[in-house]
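These are the residues of each chain, in order.
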Protein chains: 2
Amino acid sequence: MRKVKIGLIGCGTVGGGVVKLLFKEGSNYQDRFGPEIELAKVCSRTKSKITALGVPEDRIVDDYRQIIDDPEIDIVVELVGGTGFAGDVVRDALKAGKNVVTANKALLAEYGEEIFHLADSGEGSVSFEAAVGGGIPIVDPLKRSLVGNRINYVMGILNGTTNYMLTRMANEGLDYASVLADAQRLGYAEADPTADVEGHDAAAKIALLSSMVFNSRVNVHDVYTNGISTISPVDFKRADHMGYVIKLLAIGRRTAEGIDVRVHPAMLPKSHPMASVNGVYNAVYVCGEPIGDVMFFGQGAGEGATASAVMGNIIDAARCIAEGSPVGFACTCIYKLPYMPIEDLESRYYIRLEVKDQHGTLHAISEVFDDCGISIRTMNQSILGENSCELTFVTHTARESNVQQALNKIAQLDCLESIGTLIRIEEN
Amino acid sequence: MRKVKIGLIGCGTVGGGVVKLLFKEGSNYQDRFGPEIELAKVCSRTKSKITALGVPEDRIVDDYRQIIDDPEIDIVVELVGGTGFAGDVVRDALKAGKNVVTANKALLAEYGEEIFHLADSGEGSVSFEAAVGGGIPIVDPLKRSLVGNRINYVMGILNGTTNYMLTRMANEGLDYASVLADAQRLGYAEADPTADVEGHDAAAKIALLSSMVFNSRVNVHDVYTNGISTISPVDFKRADHMGYVIKLLAIGRRTAEGIDVRVHPAMLPKSHPMASVNGVYNAVYVCGEPIGDVMFFGQGAGEGATASAVMGNIIDAARCIAEGSPVGFACTCIYKLPYMPIEDLESRYYIRLEVKDQHGTLHAISEVFDDCGISIRTMNQSILGENSCELTFVTHTARESNVQQALNKIAQLDCLESIGTLIRIEEN
């Protein structure tokens with residue numbers, strides 16, 4: 001059986017994990033699966049990282065083009081990340097007919113249409129199991145085992161940083177700022193945490209999942225995205241009391257009006273299988289016909305988990321290459337489904353307001369909700385300081401546009417100090 | 001792209017589900033994945049079931065050989081079940097070079113070595129996603145996405161009937177007999193429930209999972225198997241008090257002494273991701289290097305879930321056939337690892353005894369544990385009736401052979417009325 005050669009571009013945490021795994025288990029893979037996989041060339045910004053892993057000097061190259069232009073390289077593994085340089089690498093590799101393995105959710109969620117078209121119109125392929133859910137097998141199961149289903153709903157806890165933070169806030173009553181500082185100190189959050197805490201990372205991942213399950217390309221820019229920074233300890237207490245947990249959910253839903261795809265904090269019933277997904281763990285929950293509901297759970301990031309997913313793609317590609325079969329699948333985004341605007345969402349809402357403790361406040365706010373056609377299910381008022389109160393409302397099912405209209409009106413009320421937070425209640 | 005023809009043998013609940021799904025979604029599959037899949041021939045013991053599904057008369061055959069012998073049939077779907085007639089079907093199909101899709105765990109767990117050898121030595125293949133965990137994608141993820149890992153431990157709740165029964169016993173305090181009667185009435189348990197309640201069904205499934213993850217063929221007859229019939233309501237109370245749930249676990253573990261593979265009731269910490277898998281749901285938990293732990297959760301049986309898994313295999317095979325690639329993988333059981341005897345197991349044990357309420361009872365029993373080198377961690381004594389007591393012990397880590405020796409000695413004590421149950425505590 002022929003040897004399969006791979007070229008690795010990007011040798012940070014995940015790339016290093018892939019190199020270590022291949023050196024440790026390579027001969028074992030060959031025994032179990034056939035083709036010998038050779039790490040033929042490696043390219044990284046920091047050469048010292050590559051040599052430290054024990055890669056021989058003659059396999060280290062300075063320019064990624066030396067990998068792309070090498071006709072003996074079958075698989076190009078892109079682990080640079082980001083949409084700039086990594087985009088050039090992936091495009092050039094596909095133009096050269098290479099089989100690309102990547103963990104790059106940002107690139108695929110923004111330029112997926114172009115990149116998968118490049119793959120389909122040439123000899124190359126794109127495998128991206130590691131781009132969603134880290135080590136959790138989800139891309140391949142959606143493309144194979146679950147492919148007989150009509151998937152109506154996919155929901156994920158897809159960002160380990162925010163799930164770690166929310167878990168600690170829930171368990172320890174800590175506030176957002178101190179948990180973020182702790183997460184940064186421990187290396188779970190980056191110095192600039194925006195991509196995680198504002199939901200952009202999760203948005204890229206749900207864009208990819210939605211594209212697969214609805215067979216219609218979803219761009220990350222079309223994902224409605226809210227982060228977790230407005231959530232405070234009192235919200236966890238109220239949620240707990242009502243039988244909910246608070247999670248940053250990434251949701252893709254098939255509706256008669258189009259694809260409803262969004263990332264935001266949500267209250268989830270404690271009895272839901274996703275409610276106990278805590279800490280840095282990720283999970284993906286899928287509902288379809290005829291399968292019903294399935295859930296996939298595991299570590300969503302980190303060297304080992306991500307290297308596992310990348311290596312799964314490499315071995316799968318190597319087996320296909322060795323037997324002369326095409327690698328992976330052509331893009332299956334054959335429909336162009338419309339998006340459902342967030343304004344059309346119907347949900348129950350949890351709303352926390354800080355208001356002046358003065359005569360008529362509750363009446364004024366209630367009047368706004370009533371005027372906007374929003375019916376309140378439960379309300380709680382508690383003293384905040386000398387002259388201010390905290391009001392928390394849970395609505396009956398309401399329309400997002402009406403809720404936003406109500407909040408705009410409330411923002412203009414004299415009695416309002418600030419709109420604390422809005423958390424949607426996800427009952428699916 | 002060429003049309004792919006399938007022949008279906010066995011048209012009961014799952015077979016019927018597959019036919020319905022193909023009729024409903026067939027043209028959708030073709031749009032999304034390319035090849036047209038045609039249900040060319042169907043064979044079942046009860047012809048009326050096939051006609052009721054709307055299969056045209058000219059596609060119904062009386063003898064399965066008319067499917068096997070048809071050179072135009074690419075995929076043979078065996079949904080008969082059992083190891084007798086179904087074994088003939090699968091063997092004949094493979095000898096004729098057909099690609100077989102089956103949900104038959106019993107057949108593969110007993111005759112897997114012969115059947116996979118038949119596939120590998122000819123032109124055929126065997127796909128069996130539905131054989132373990134019903135609709136849950138687990139076979140394919142183990143063979144693809146997770147294949148870069150060294151799996152050390154796989155644990156499953158693999159039987160929906162017993163999980164439904166244990167969940168109701170835990171939540172409602174019901175006893176075994178009444179829950180079994182209820183499960184039978186509701187159609188969750190068969191008239192002869194032996195295969196489920198005695199653990200044989202789960203044993204077949206863990207044999208298949210263990211064979212895959214350890215790359216060494218595990219036969220169902222080599223799986224140590226205990227059922228759930230000795231568990232009583234008091235055991236759930238004690239477990240709950242100690243922070244555990246009781247589940248029928250199927251476990252495959254890599255040890256220095258060989259593969260430890262077994263099915264038995266076990267106490268699992270409430271914090272374990274598998275502890276909240278309730279009712280008819282199944283789940284599989286996998287630990288490996290470098291991935292860490294992952295879990296797969298979903299419906300383990302039933303028409304829709306199982307049809308989903310069968311259809312996933314059919315579509316995957318059809319794509320390969322249409323593009324001229326081999327279907328699936330050759331058998332990867334390349335090692336012949338020894339089994340670790342159950343006597344060598346080291347675990348903590350929960351033991352419940354019914355004893356006479358007489359002088360010296362506790363002393364006599366304690367002496368036996370002490371003599372057998374078993375150290376007790378906690379003990380509880382409570383009155384059962386006028387002259388009898390219930391003793392529950394939890395041991396420190398002990399060796400199975402010592403525990404069995406102790407129970408044999410205790411069985412001979414004058415003060416013993418009966419050995420209630422033994423439940424291993426699974427802390428992995």
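Please refer to the structure placed before this passage.
Every value quoted in this text rests on a predicted model; they were computed, and no experiment measured them.

Here the focus is the overall build of chain A. For chain A, the count of helices and strands is 14 helices and 16 strands. Against the globule reference of 22 Å for 428 residues, chain A gives a C-alpha radius of gyration of 24 Å, in line with a compact fold. Its C-alpha atoms give chain A principal-axis dimensions of about 80 × 45 × 35 Å. Counting every position in chain A, which comprises 428 residues, the buried fraction comes to 59%. For chain A, long-range pairs separated by at least 24 residues make up 73% of all intrachain contacts whose partners lie at least 6 apart in sequence. As displayed, chain A has an accessible area near 16200 Å², and 47% of this comes from carbon and sulfur atoms. Between the centroid of the 39 positive side chains of chain A and the centroid of its 55 negative side chains there is a distance of 4 Å.

This part is about the sheet that holds strand 4 (residues 99-102) of chain B. Residues and elements named next belong to chain B. The five strands lie next to each other as 2-1-3-4-5, forming an open sheet whose pairing is parallel. Single-partner strands in this sheet number two, and they are strand 2 (37-43) and strand 5 (125-127). On average, each strand axis in the sheet is tilted by 25° relative to the strand beside it, whichever way the strands run. Pairing analysis gives three bridges linking strand 4 to strand 5, with the strands arranged parallel. Among the inter-strand pairings, Val101 is bridged to a residue of strand 5, identified as Ser127. The sheet contacts of helix 1 (residues 13-33) involve strand 1 (4-9) and strand 2, and relative to strand 2 the element is tilted by about 150°. Contacting strand 4 and strand 5, helix 5 (residues 105-121) runs over the sheet at an angle of about 145° to strand 5.

This brings us to the packing of helix 7 (residues 160-172) of chain A against helix 8 (residues 176-185) of chain A. Residue and element names in this part refer to chain A. Relative orientation of the contacting elements helix 7 and helix 8 amounts to 130°, with a least axis distance of 10 Å. By the angle between their directions, the pair helix 7 and helix 8 is classed as oblique. Read as a crossing pair, helix 7 and helix 8 show a hand that is right-handed. Contacts between helix 7 and helix 8 pair Tyr164, Met165, Arg168 and Met169 from the former with Tyr176, Val179, Leu180, Asp182 and Ala183 from the latter. Considering only residue class, the contact of helix 7 with helix 8 consists of seven nonpolar, no polar and two charged.

Moving on to the relation of the copies chain A and chain B. For these two chains of identical sequence, chain A goes onto chain B by a turn of 180° and a shift of 0.0 Å along the axis, with RMSD 0.0 Å. This pairing of chains is accounted for by a two-fold axis. The overlap is high: 100% of the interface residues of chain A also sit at the interface in chain B, so the same surface is used on both sides.

To continue, consider the interface of chain A and chain B. Contact with chain A, which involves 52 residues of that partner, is made by 52 residues of chain B. Taken over both partners, the interface formed by chain A and chain B buries close to 4300 Å², and the fraction arising from carbon and sulfur atoms is 53%. Its largest share of buried area at the contact with chain B, chain A owes to Arg32(A), Ser145(A) and Phe297(A), together 14% of the area lost on that side. At the boundary of chain A and chain B, one finds eight salt bridges. One salt bridge connects Arg144(A) with Asp140(B), and the closest N-O pair in it is separated by 4.0 Å. It is helix 12 (residues 303-323) of chain A that contributes the most residues to the side of chain A that touches chain B, ten residues altogether. Residue composition of the side of chain A that touches chain B, grouped by class: 23 nonpolar, 15 polar and 14 charged.

Let's shift gears to helix 12 of chain A. Between the first and last C-alpha of helix 12 of chain A there are 30 Å, a value that for 21 residues agrees with the 30 Å anticipated at 1.5 Å per step. Remark: Gly324(A) follows helix 12 of chain A within two positions and exhibits a positive phi of approximately 80°.

Moving on, we come to helix 11 (residues 233-242) of chain A. Listed in full, the buried residues belonging to helix 11 of chain A are Val234(A), Asp235(A), Phe236(A), Arg238(A) and Ala239(A). Looking one or two residues beyond helix 11 of chain A, the residue adopting positive phi is Gly243(A), at roughly 90°.

With that settled, consider the pairing of strand 14 (residues 388-395) of chain B. All names here are of chain B. Summarising burial for strand 14: eight of the eight residues are buried, a large majority. Neither face of strand 14 is open: one carries Ser388, Glu390, Thr392 and Val394, the other Cys389, Leu391, Phe393 and Thr395, and all of them are buried. Relative to strand 14, strand 13 (residues 376-383) is paired through seven bridges, and the arrangement is antiparallel. Bridge pairing links Ile376 to Thr395 in strand 14. Following strand 13, the chain reverses through four residues before pairing antiparallel with strand 14.

Our focus in this paragraph is empty space enclosed by the protein. Evaluation of the coordinates by the stated rule reveals six cavities of 30 Å³ or more. Here the largest cavity is characterised by a volume of approximately 190 Å³. Lining the largest cavity are 18 residues; nearest its centre among them are Val126(B), Ser127(B), Asp140(B), Gly328(B) and Phe329(B). When contributions to the lining of the largest cavity are tallied by element, the ones reaching two or more residues are strand 5, helix 6 (139-143) and helix 12 (303-323) of chain B. Of the residues forming the lining of the largest cavity, the biggest block, four residues, is contributed by helix 12 of chain B. Split into classes, the residues belonging to the lining of the largest cavity amount to ten nonpolar, three polar and five charged. If you trace the second largest cavity, you find 14 residues lining it, with Leu142(A), Lys143(A), Val147(A), Met212(A) and Arg32(B) closest to the centre. Counting residues per element, the ones that place at least two in the lining of the second largest cavity are helix 6 (139-143) and helix 10 (200-214) of chain A together with helix 1 of chain B. Looking at the lining of the second largest cavity residue by residue, the classes come out as eight nonpolar, three polar and three charged.

With that settled, the discussion passes to the side chain of Lys5(B). All names here are of chain B. For Lys5, the position within the fold is in strand 1. A polar contact of 2.6 Å, which involves the side chain of Lys5, links it to the side chain of Glu72. Contacts of Lys5, omitting those with residues within four sequence positions, involve Glu38, Ala40, Glu72, Ile73, Asp74 and Ile75.

The subject of this paragraph is the sheet that holds strand 5 (residues 125-127) of chain A. All names here are of chain A. If you trace the five strands from one edge of the open sheet to the other, you get 2-1-3-4-5, paired in parallel fashion. Edge positions in the sheet fall to strand 2 (37-43) and strand 5, since each of these pairs with one other strand and no more. Neighbour-to-neighbour, the strand axes of the sheet open up by a mean angle of 25°, direction not taken into account. Of the pairings in the sheet, the one linking strand 1 (residues 4-9) to strand 3 (residues 75-78) comprises four bridges and is parallel in character. Across the sheet, Ile9 pairs through a bridge with Glu78, a residue of strand 3. In the packing of helix 12 onto the sheet, the strands contacted are strand 1, strand 2, strand 3, strand 4 (99-102) and strand 5, and the crossing angle to strand 3 comes to about 170°.

Core analysis: the biggest nonpolar cluster contains 156 residues, and Leu209(A) and Leu209(B) have the highest contact counts within it. Once residues lying within four places of it in the same chain are set aside, the contact partners of Leu209(B) are Val132(B), Ile138(B), Leu142(B), Val154(B), Leu158(B) and Val284(B).

As a further point, take a nonpolar patch on the surface. Taken together, Leu186(A), Tyr188(A) and Val280(A) make up a surface patch of nonpolar side chains, about 240 Å² in accessible area. With respect to the helices, strands and loops of the structure, Tyr188(A) is situated in the loop between helix 8 and helix 9 (194-197).

All names here are of chain B. In contact at an axis separation of 9 Å, helix 5 and helix 10 (residues 200-214) are set at 55° when each is read in the N-to-C sense. The angle between helix 5 and helix 10 falls in the class oblique. Our pair here, helix 5 against helix 10, has a crossing hand that is left-handed. In this structure, helix 5 contributes Lys105, Ala106, Leu108 and Ala109 to the contact, and helix 10 contributes Asp201, Ala204, Lys205, Ala207 and Leu208. In terms of residue class, the contact of helix 5 with helix 10 is made up of six nonpolar, no polar and three charged.

Take the pattern of salt bridges next. Throughout the structure, instances matching the rule amount to 64 salt bridges over all chains. Between Asp182(A) and Arg185(A) there is a salt bridge, with the nearest N and O atoms lying 2.9 Å from each other. With Asp182(A) and Arg185(A) both in helix 8 and three residues apart, this pair spans about one turn of that helix. A relative accessible area of 61% means that Arg185(A) is categorised as exposed. Sharing partners across several salt bridges, the network here consists of Asp140(A), Arg144(A), Asp316(A), Arg319(A), Asp140(B), Arg144(B), Asp316(B) and Arg319(B).

Procedures and definitions
- Residues numbered from 1 in each chain as written.
- Chains lettered and ligands numbered in written order.
- Predicted model: local features only at pLDDT ≥ 70, side-chain atom pairs only at ≥ 80, totals over all residues.
- Heavy atoms only, no water.
- Helix = DSSP H or I, 4+ residues; strand = E, 2+ residues; numbered from the N terminus.
- Rg over C-alpha atoms; globule rule 2.2 N^0.38 Å.
- Buried < 20%, exposed > 50% of the residue type's maximum accessible area, 1.4 Å probe, protein only.
- Contact = heavy atoms within 4.5 Å.
- Areas by Shrake-Rupley, 256 points an atom, 1.4 Å probe, with all protein chains shown as cover.
- Lys, Arg positive; Asp, Glu negative; His and termini not counted.
- Charge placed at Lys NZ, Arg CZ, Asp CG, Glu CD.
- Pairing = 2+ DSSP bridges.
- Axes fitted to C-alpha atoms, helices over the stretch in contact; angles between N-to-C directions.
- Parallel < 35°, antiparallel > 145°, perpendicular 65-115°, else oblique.
- Left-handed = near helix turned anticlockwise from the far one by under 90°.
- Nonpolar A, V, L, I, M, F, W, Y, C, P; charged D, E, K, R; others polar.
- Least-squares fit on C-alpha atoms with pLDDT ≥ 70 in both.
- Buried area = accessible area lost by both parts, 1.4 Å probe.
- Salt bridge = Lys/Arg side-chain N within 4 Å of Asp/Glu carboxyl O.
- Expected span 1.5 Å × (residues − 1).
- 1 Å grid on protein atoms, 1.4 Å probe; cavity = no way out; pocket = protein on both sides within 12 Å on 5 of 7 lines; lining within 4 Å.
- Points joined across faces, edges and corners; volume = space filled by probe spheres on them.
- Polar contact = N/O pair within 3.5 Å; in protein donor to acceptor, adjacent residues only side chain to side chain.
- Core = buried A, V, L, I, M, F, W, Y, C linked by side-chain atoms within 4.5 Å.
- Patch = residues over 30% accessible without salt bridge, like charges linked within 9 Å, V, L, I, M, F, W, Y side chains within 5 Å.

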